[in-house]
Structures are given as C-alpha cells and as structure tokens.
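Chains, contacts and geometry: an overview
Next come the chains, spelled out residue by residue.
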Amino acid sequence: RTSASIPGSAHDPMGIQGLLPFLRSYVKKTHIETFQGTTIGVDAMCWMHKGAYACSRELVVGADTDKFVRFFLRMCEVLRYYKIKPIIVFDGEKLPAKAKEDQRRGQLREAARLRALELLQQKEKGEEVDDFLIQQKCETAIKVTSSMVSRLQSALRELSIDFLVAPYEADAQLAYMCRTGWISTVISEDSDLLAYGCPSTFFKMDKYGNGQHITLPCLQVDHVGQELAIESPEKQKKKPRSKKQAKKPTKSSPVEEIPDEAEMETEAKPVDKVRKSNAKSPQGLEDAEKEIQSHLNSWPPEKFAEFCVFCGTDYKDPDTHIKNFGIKKAFALMCKHSTTQGLLSWMLAEKSYKDRFPCDRGEYLQRFQRVVAVFWHHVVFNPARGECTSIATSFPLTSSKRVLEGLDLQEVCGRPFSRQEAILMAKGEMDPRTRQPKRLEALTNAERRAIDLMLADKRSEQSDYRHQVALEEEEARKRAKMEETTDGTEAVEPEVPDVPEPTQHDQEKDQGNDCNDRGIQLIPGDERKILRFLEMKNEFSKAKADVKMDVSGKSSTNPFARERVVATPCSNGRAVATAPVPVSKRAKVVVPKVALGTPPVEAPQRPLKNLASHSKGGYAAAEAAQALLLQRGIPQYEKLEEDQDRTKVKYFFPPKTEKEKTPAMTTKSKLSEWKPRSWEDDTEKSSSVGRNSLSIRGRGLPQILLRSGWG
C-alpha cells in the first residue's frame, strides 16, 4: 500500500495531479548505480513517511519505536553501497501559502487517530473489528513530529551523513541545489520538484535502488525556451471542407482538437474534443508522445510551472481548480496560446468555460498568480553564502520573466531569515518553527552496535541482490542469443571429421553440459560447499586406499545390502570416510591402534551404535540414516558408562570405593572394668537355650525364675 491509496493522507495527492503518467515518454527505468560517484539529494519527509508506515500503530498509541529510523538508514546504506554521497534535506518553517492546507490535513490526521484508538479499544474488549480498517486509520494518522526528526538527525550525524534543514519546503531547496550544482539529482516521491524546476529527479526508489529517472529538457540550466509559432484560436479561420476531406483520417496529435467559435456556439460541445481515430494504435501513441515532446521541449521553465498549476497542486487556498479541466485539456490549450493571461482571458470569455471557474475573472487571476509565485520565488538557503535567497536566482537566463506585479511575495512565500538564523537552522541547531536552540543527543553504545549490525546486514542483502541481477542478465543474454540463432535461416553444418566413439566419461561430461544449459545457477555460498566437498572426496580416496576392504562372506538376499561408506568423526566435527562396510555384516568400525612414537590421541575412538532391525525386517533404513548422520558429522556411538562419559557428572566426580572396615582398637578405661558387686557371678545360665520363641510355654513367667539358683 502506498500513501496515495490512503484517503485523507498527508500527501494524497502528493504533488502535481497526473503529471508523472503524462510524462511517461520521459520516464526511464534505471538503477541508482548509474549515479555512482556523485552526490544526490534526498527529500527526508518522503522516506520518513515510508518508514512510519511500518510502525503506524506504535506511533498512534504513543509507543517507543525506531522502525522509521532503521528504514531511513537502510535506504541511505543503499546509496553508500554504490559510493554515492547522500545529502538529506528536511522541511523547515510552514509555508504561509500552505497554512490552510496544513490545517486541513492536521484535522484529518487527528480524526483518524481518535478513530484508530477507538477501534483498538474495541478489539481489546473482544469485539470483532476489521484489522484492515485499523491499519488504514493508523496510516492516515501518521504525523512526523519534531522528536522523530531529532532522533533521525542524531543517527545521521553518528554515521557522518550530511543533512540540511531548508527555510521552508525541502522540494524547493533540493531543486535549487540541483540547479546550482551542489547535487547531481534528487530522490523524492513528490512531483512538485518538477514545478520548482528540478532538472534531474529520481522517483519511486525501492529498497534495492530501482526507480524512475526523469530529465525534462525544458528544465535544464542552459534552456531558455522558444515558443512555437502557433496561431491562437481567435485568429484561426474556418476553412470549408468537403465530405471526403472530413472523413479522411488526419495525423494523430496529442493537442486535442479545438473547434472555432462558430462551431462551438452551434454545436455547444466542449472546446477540447479528443480525436480518437487512431489514438489507440501503437503508432498513434508513439506519434502523440513525439508531438508532446516537441511542444514541451520548447517551453520555458516558467510556462511549465504555470502548466503544473493548471493541473492541480497541493495549495488549495486560494482555490484555483477549474471544473472538468484536466492535464490533457490544459496542455492542449497552452499549446494554442503563447501566454497564460491570454489563455485565461479566452477561457473566461467562453460560455462553456465561464461557469467552471470558482470565482470571477479578476479574483481568479490574483489567485493564480499567488500559487505561481510559490514556484517562482520560493525562499531557499544558499550554502555558498550562508544566507537565504530566492529560487529565481537559479534561473539566470529567464529570471526576467518572473515578474508578478501587485503581489506581496513575503506574504505568500514567507520572509527570508537572518544570516545567523539561517545558518543555525540549516545545521539543525535551531528549531525552524519555535526558533529555540535544539541539541541532538548522542547515541548509546548499544544503539551504535545495533546500527552497525543492521547496516552490515543491508550490505550483505544488497550484494546478494546484485549477484542475482547479474545472473538474470547473463541468462537473458544467453536466451536472446539462442533466439537470434533459431530465428535465422538454418545454417549449413560443416563437415566433421571422423572421431572415435565417445567413452562413458565423455557421455557423463555431455550430460553435465546439458544440465548447465537448462539454467543451473550458483547462489552465494555454493563455492564454499563445493570446495569442502572436494576436500572430503580427496580424504575419502586416501582413506579408501589405505584401508583394506573385507568383503568375505555369502552375498545377502537383501536388495539393499550393498556397500555403504561409514565415516569417523574428525577433529573439526565433520565426518571423514574410513572404509566401506557391507550392510549384512553390521560390523562395528574398529579403529587401528596407534603406533609407537606417534602423539597420543586426545580421546579414544568409540564404536558405533549397534543397529536394530526394522519392524518389517532388514537393516537398510537404519544403515542409511547412520551413513547420512556420519556424513554430516553426527555419528551415533555406543552408550558409555557414566564415569567415562564427559556429559555426566560422575566423569568429573567419580564415586568413592568402599574400603574394608577394620575394627578400631578401643582402649578400656579402669572405670569400665570396675565391678560394684564383685561377689556376684556375671555368667548367666539361661534356660531358654534351644527353646522355641514362638511357643506359648513359658510366656508370662517372670524373668527372675529363669536365673540359675532358683530351681
């Protein structure tokens, strides 16, 4: 979704209505790489609005986001990737002639913001809300604030990207810098640049650098303009034509046929009636574009600016729109009249146009001149002198034609700032609207690291895109060459001498060439994989020559029982093939012993895991899985004991072995040997010896009866 598709957007419509489609014959699709090594100016507000669409919801709810800064810096990195120096130009003070239009847009933004917040609250409550409508309202409510501009300027200063703040509109400042040689071209989305007289403009640039380049001959610095001698409609005489001449098709012309006054009064048809005899044919369109260029190339830049005002601009106050008066009718009538005043006088005198004007003749002329004055005498900043000046100074050959009598230019275009204020505003050290000093905060280390990673990722992405485009161009050249050979006459095959029959190696080589002809292409990273594959292949061939293959035994009836390569892991984590092992054997890989004198191996070679048979019989699936894992450096080993496995705790803290407990030599004290009743015998003759403890006999007898001496 673009900004032009959002109703009520801040730039809908942006610039001159229908101008870029009308100038399609001048549009050249190209890449920003064609401007390599030059300096290019960028309209900051266009890229800021584009970046704000990615975070429109965050901006509406007031959340902290930097997506618009990231988008802007990534676009700047595209320019720097092709060694282009960007100069970013920001808008300054609001233009007096655009005050009411800015107020109207502000009201639309505020209404859209409130509606978006209301829809978001309804969604949080669980109500069914259209997400597309929420996104549309959020995008309509986008507003670039001064805090957003300050954050972007801080990031630009951190990356050493030059920027400049214009006194008023950035479009006029960029057109002035392009005409005076500070920059070679301008990147923008606003066609107002052409009305200001920009000689070279790059529109609709995408994230890879593709766009549309427009250079109008009538806007070049050395162009003066020479009006074609065309007779005005008032002086044209009606010539009688026969019926055959009337039916005879005439040459197609972009200048729509204008009937004379008598024909208009009798038929009461519009003045500009389009001839559609052969306009739809390709030849007719080509002739029409050539005649448009022949007229447009002869115009002076002042007449082109007046033509843009007729088409419709962003300046709605005062209202200069003429009903049912589009860009084609405006161009046709301006080709018939040498001056705009003569055209307006003729239109106001005609009945079919008189009712289309928004006001009377005298007031409309004043309104028209006020809008033209914005494009002719806009206040800009002169970087060489460090002061404000008029954009008319960049038109030295035609500045004498930019005289508007009876009009206060400062009331329409704004007053020039003082030298000190102009310099501070241009450097971004003073707010152009509040006239207060502005201090840009430096980025933190974390923000710098994030920006560096983001820009490195963008450079890598741009490099991949450039490589892909080169491959596509090479493929297109091959295809065109093949078409040329097939479209031509069949060539006589030369006599080929007798050659021996091709071997199997030659056939495989021819098959590989056929595969390449079908369009196999390498993508970034394939070269490293191919080199690694060749290294593994060489290691495998060496290992195969050293290890003897044991192929003894009966052949298996399993159709999948073929020799498969079993690999062992190497030090870098990848697998190195050792020897092909028959599947039917299912033998473990035995690592040969290390000879004396060789350095010890860090870890002993572990046997591979024994494979279990499939539920339906056979070991082919398990062997295939094991071989694939080995090729990728993920071997499946037998399970180790916990005290030998480094992934277990017992490997580092082995359990202590239980030692045989020896009886401790205890020393008895004299007190323990003392007998308080030395006359008594301690030996007891128990009568319970051999007696069954489970018997009920003798239960309940006092223990004293069991002692000896009591019978």
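This is a predicted model, so every value here is computed, not measured. (Residues numbered from 1 in each chain as written. Predicted model: local features only at pLDDT ≥ 70, side-chain atom pairs only at ≥ 80, totals over all residues. Heavy atoms only, no water.)

1. Observations regarding the overall build of the chain
Scanning the chain for helices and strands turns up 25 helices and 11 strands. Across the 711 residues that make up the chain, the buried fraction comes to 36%. Within the chain, counting contacts between residues at least 6 apart in sequence, those at least 24 apart form 71% of the total. In the form shown here, the chain has an accessible surface area of approximately 45700 Å², with 52% of it arising from carbon and sulfur atoms. (Helix = DSSP H or I, 4+ residues; strand = E, 2+ residues; numbered from the N terminus. Buried < 20%, exposed > 50% of the residue type's maximum accessible area, 1.4 Å probe, protein only. Contact = heavy atoms within 4.5 Å. Areas by Shrake-Rupley, 256 points an atom, 1.4 Å probe, with all protein chains shown as cover.)

2. Here's the deal with the confidence of the model for the chain
Confidence along the chain averages 74 in pLDDT terms, with 67% of residues attaining 70 or more. Counted against residues more than four places away or in other chains, residues 489–494, with its pLDDT under 50, gives 0 contacts. Confidence drops under a pLDDT of 50 for residues 703–711, and excluding neighbours within four residues, the segment shows 5 contacts in the predicted structure. (pLDDT = per-residue confidence, 0-100.)

3. Re the side chain of Thr313
With respect to the helices, strands and loops of the structure, Thr313 is situated in the loop between helix H13 (301–311) and helix H14 (327–336). Exposure remark for Thr313: the relative accessible area of 5% places this residue in the buried category. Thr313 has contacts with Gly15, Ile16, Gln17, Cys308, Val371 and Phe375, leaving out every residue within four places of it along the chain.

4. With respect to the packing of aromatic side chains
The tally for this structure, following the rule as stated, stands at 19 aromatic pairs. Pairing Phe310 with Phe368 gives two aromatic rings, centres 4.8 Å apart and planes at 35 degrees, and the pair type is tilted. Residue Phe310 is located in helix H13, and its partner Phe368 is located in helix H17 (residues 361–376); the two are separated by 58 residues in the primary sequence. Pair check on accessibility: Phe310 and Phe368 agree, each one buried. Pairwise contacts between aromatic rings join Phe310, Phe325, Trp346, Tyr353, Phe357, Tyr364 and Phe368 into one cluster. A cation over a ring is seen here: Arg179 above Phe395, with NZ or CZ 3.7 Å from the ring centre. We note Arg356 situated over the ring of Tyr353; from NZ or CZ to the ring centre the distance is 4.5 Å. (Phe/Tyr/Trp six-rings, centres within 6.5 Å; stacked < 30°, edge-to-face > 60°. Lys NZ or Arg CZ within 6 Å of the ring centre and 35° of its normal.)

5. Focus: the nonpolar core
Core analysis: the biggest nonpolar cluster contains 82 residues, and Phe304, Phe307 and Phe310 have the highest contact counts within it. With 8 residues, the top contributor of residues to this core is H17. Counting residues in each nonpolar core, the second largest holds 39 residues, with Ile32, Leu79, Phe163 and Leu440 among its members. (Core = buried A, V, L, I, M, F, W, Y, C linked by side-chain atoms within 4.5 Å.)

6. Side note on the pattern of salt bridges
In total, this model carries 22 salt bridges according to the counting rule given. Of the charged contacts, one joins Lys50 and Glu189 as a salt bridge, the two residues approaching to 3.2 Å between their closest N and O atoms. Residue Lys50 is located in helix H2 (residues 44–53), and its partner Glu189 is located in the loop between strand E5 (185–188) and helix H9 (192–196); the two are separated by 139 residues in the primary sequence. For Lys50, a relative accessible area of 30% translates into the label partly exposed. Ionic pairing is found between Lys85 and Asp162, a salt bridge with its closest N-O pair at 3.3 Å. (Salt bridge = Lys/Arg side-chain N within 4 Å of Asp/Glu carboxyl O.)

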